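What the coordinates show
Below, each chain spelled out in residue letters.
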Amino acid sequence: MPTLDRTFFALSDPTRRRILELLTARPATIGELAEPFGLTLNGVKKHVRVLEDADLVITEKVGRARECRLGPTQLKDAARWIEEYHRAWQGRLDRFGTYVEQTTVERR
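Residues numbered from 1 in each chain as written. Predicted model: local features only at pLDDT ≥ 70, side-chain atom pairs only at ≥ 80, totals over all residues. Heavy atoms only, no water.

1. Focus: the sheet that holds strand S3 (residues 65-70)
Reading across the sheet, the three strands line up as S1-S3-S2 and stay open at both edges, with antiparallel pairing between neighbours. Only two strands of the sheet have a single neighbouring strand rather than two, namely strand S1 (28-29) and strand S2 (57-62). Alignment of S1 against S3, held across two bridges, turns out to be antiparallel. If you follow threonine 29 over to S3, its bridge partner there is glutamate 67. Contacts between helix H2 (residues 14-25) and the sheet are confined to S1, S2 and S3, with S3 contributing the most and set at about 90 degrees to the helix. Against the sheet, helix H4 (residues 41-53) engages S2 and S3, with an angle of about 120 degrees to S2. (Pairing = 2+ DSSP bridges. Helix = DSSP H or I, 4+ residues; strand = E, 2+ residues; numbered from the N terminus. Contact = heavy atoms within 4.5 Å. Axes fitted to C-alpha atoms, helices over the stretch in contact; angles between N-to-C directions.)

2. Examining the nonpolar core
Leu23, Leu33, Val48, Leu51, Val57 and Cys68 are the most contacted members of the largest nonpolar core, which has 16 residues in total. Taken together, the elements giving at least two residues each to this core come down to H2, helix H3 (30-34) and H4. For this core, the leading source of residues is H4, giving four residues. Look past the residues within four positions of valine 57 in its chain and what remains in contact with it is Leu20, Leu23, Val48, Leu51, Glu52, Cys68, Arg69, Leu70 and Gly71. (Core = buried A, V, L, I, M, F, W, Y, C linked by side-chain atoms within 4.5 Å. Buried < 20%, exposed > 50% of the residue type's maximum accessible area, 1.4 Å probe, protein only.)

Following this line, the structure appears as structure tokens:
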């Protein structure tokens, strides 16, 4: 799966987005991440694995726990892709606005 697809797939789930938000404050163990969601450790591990596949999270064994922290991906590719579509749609909306204005003036 290409990188951008993995990134958007990882971000498509609200639990995974919330995990990323929690990790912006500090690294956390799988157990610490499970608490706010009321999920099992295995449930959180599955979400973390998807985030790892997209390089959004890195996990490391620290003692008996698995610690998670933000990964190297900074979402630049996803942001660039979104911005390209934003510009395209903005151009279409601008042209539509011009059309509506011209049509309104012609009807007067």
